[in-house]
Amino acid sequence: MGTLQGTVALVTGASSGIGEAAALALAERGAAVAIAARRADRLTDLAERIGAAGGHALVIEADVTDRAQAEAAVGRTVDELGRLDTLVNNAGVMLLGPALDAPVEEWETMVSVNIMGLLYCAKAALPHLLTAAAEGPRQVADMVNVSSVAGRVARSGSGVYNATKHAVGAFSEALRQEVTGRFVRISLVEPGAVETELAGHNRPEVYETITQRFEGVERLQAPDIADTIAYIVTRPRHVAVNEMLVRPTQQQ
Ligand code: NDP
């Protein structure tokens, strides 16, 4: 029996990369998983794979930048899976490049997804996490917020992405202090370079710069970070892993 048997997790941004791998990892450990993102076809495919492996997944098509859709994602999870023990706040975008040339729309997108989307999901989930911690099988609940190395170190050409991920760190630490006494653990995961679709949404000239920066570096794979998330949420009740920074070994 998996260590998360009887629990329910919601993973945002589960249609690719880290979120997809996290959903698989939590399902493997026995959690029923609600998988949320905008690309429903990708989620359906993932749900089929989870089902084929003996798990249970609920597909939720949602844009987390829309407050009502973020709240509905949490609401459907609780209505259809019965509870909420674990929220993995993972949906995110990274649009880089010098501030001088940047389309402001890219900044708006990052603030909307990385900050507001995460906040909407966190706010909607919190009462259910508190209930799970008080009444659930494990007597503890988890919110894992996916930040980045960029949430700790600012770099030229990454300012707004840095700002959004620093915001995630600040919010997570304040919220941790607020609810940790009630056994809701708020954790921050800060990956270095992971081979996913994330960089591919950049303008070609920016994408080129990102590719060059990591040339020759053996990057992390999404399951490496899923493993980190699974480690955090399977600790005993009295152990809270507040923060994990995980870089590829060769990343400076
Ligand atoms: P991907 O691009 O593979 O995944 C991003 C996910 O976010 C997708 O599932 C996407 O789904 C979802 N998403 C984007 N916008 C929205 C939205 N408006 N509403 C709902 N879901 C949305 O990248 P990663 O897996 O790499 O990124 C996951 C997280 O990890 C992000 O927060 C990122 O900042 C962070 N991170 C990644 C690193 C890396 O090197 N890859 C390093 C450090 C941190 P869809 O488009 O279907 O909506």
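Look up: the structure comes first, before these words.
Residues numbered from 1 in each chain as written. Predicted model: local features only at pLDDT ≥ 70, side-chain atom pairs only at ≥ 80, totals over all residues. Heavy atoms only, no water.

## A closer look at the overall build of the chain
Consideration 1: Each helix and strand in the chain was counted, giving seven helices and nine strands.
Consideration 2: For the chain, the spread of C-alpha atoms along the principal axes amounts to about 50 × 40 × 35 Å.
Consideration 3: With 252 residues in all, the chain has 52% of them scored as buried.
Consideration 4: Put simply, 71% of the contacts in the chain that link residues at least 6 apart link residues at least 24 apart.
Consideration 5: Within the structure as shown, the chain displays about 11,700 Å² of accessible surface, and the carbon and sulfur contribution to it stands at 51%.
Consideration 6: Mean positive and mean negative side-chain charge positions of the chain (22 and 30 charges, respectively) differ by 7 Å. (Helix = DSSP H or I, 4+ residues; strand = E, 2+ residues; numbered from the N terminus. Buried < 20%, exposed > 50% of the residue type's maximum accessible area, 1.4 Å probe, protein only. Contact = heavy atoms within 4.5 Å. Areas by Shrake-Rupley, 256 points an atom, 1.4 Å probe, with all protein chains shown as cover. Lys, Arg positive; Asp, Glu negative; His and termini not counted. Charge placed at Lys NZ, Arg CZ, Asp CG, Glu CD.)

## Digging into the layout of surface pockets
Sizing a probe to match a water molecule and rolling it over the atoms shows the empty space that remains.
Consideration 1: If you add up the space inside the second largest pocket, you get close to 200 Å³.
Consideration 2: In terms of lining residues, the second largest pocket is bounded by 13 residues, among which Ala27, Glu28, Ala53, Gly54 and Gly55 are the most central.
Consideration 3: When residues in the lining of the second largest pocket are grouped by element, the largest group, three residues, is from helix H1 (residues 17–28).
Consideration 4: Here the residues of the lining of the second largest pocket are counted per class, giving five nonpolar, six polar and two charged. (1 Å grid on protein atoms, 1.4 Å probe; cavity = no way out; pocket = protein on both sides within 12 Å on 5 of 7 lines; lining within 4 Å. Points joined across faces, edges and corners; volume = space filled by probe spheres on them. Nonpolar A, V, L, I, M, F, W, Y, C, P; charged D, E, K, R; others polar.)

## Focus on the packing of aromatic side chains
Aromatic ring pairs are reported here in terms of the distance separating the ring centres and the angle at which the planes meet.
Consideration 1: Counted according to the given criterion, the structure contains zero aromatic pairs.
Consideration 2: In this arrangement the basic side chain of Arg235 is found over the ring face of Tyr231, its NZ or CZ atom lying 3.8 Å from the centre.
Consideration 3: Above the face of the Phe183 ring, Arg237 is positioned so that its terminal group lies 3.5 Å from the ring centre. (Phe/Tyr/Trp six-rings, centres within 6.5 Å; stacked < 30°, edge-to-face > 60°. Lys NZ or Arg CZ within 6 Å of the ring centre and 35° of its normal.)

## Regarding the site of the ligand
Consideration 1: Near the ligand lie 30 residues; those nearest to it are Ser15, Arg38, Tyr161, Val194 and Thr196.
Consideration 2: Measuring from an oxygen atom of the ligand, one finds a side-chain N or O atom of Ser15 at 2.7 Å.
Consideration 3: Contact distances for the ligand include 2.9 Å between a nitrogen atom and a backbone N or O atom of Val64.
Consideration 4: Among the elements of the structure, H1 and helix H5 (159–179) are those that each provide at least two residues to the shell around the ligand. (Near = heavy atom within 4 Å. Polar contact = N/O pair within 3.5 Å; in protein donor to acceptor, adjacent residues only side chain to side chain.)

## Here we look at unusual backbone geometry
Consideration 1: The phi angle at Gln139 is positive, at roughly 60°, despite the residue not being glycine.
Consideration 2: On the secondary structure map, Gln139 appears in the loop between helix H4 (104–135) and strand S5 (141–146).
Consideration 3: By relative accessible area, which is 31% here, Gln139 ends up partly exposed.
Consideration 4: The phi dihedral of Phe183 falls on the positive side, at around 65°, and the residue is not glycine.
Consideration 5: Note that Phe183 resides in the loop between H5 and strand S6 (184–191).
Consideration 6: Its relative accessible area of 29% is what places Phe183 among the partly exposed residues.

## A few points about the pairing of strand S2 (residues 32–37)
Consideration 1: Most of S2 sits inside the fold, with six of its six residues counted as buried.
Consideration 2: Because side chains alternate across S2, one face comprises the buried residues Ala32, Ala34 and Ala36, and the other comprises Val33, Ile35 and Ala37, equally buried.
Consideration 3: Direction of pairing for strand S1 (residues 8–12) relative to S2: parallel, over a ladder of five bridges. Across the sheet, residue Leu10 finds its bridge partner in S2, namely Ala34.
Consideration 4: In this sheet, strand S3 (residues 57–61) lies alongside S2 in parallel orientation, the contact comprising five bridges. Residue pairing in the sheet places Ala37 in a bridge with Glu61 of S3.
Consideration 5: Taking the sense of rotation as the criterion, the β-α-β connection linking S2, helix H2 (residues 40–52) and S3 turns out right-handed. (Pairing = 2+ DSSP bridges. Right-handed = clockwise from strand over helix to strand, strands pointing away.)

All quantities given are derived from atomic positions and should not be read as evidence of function.
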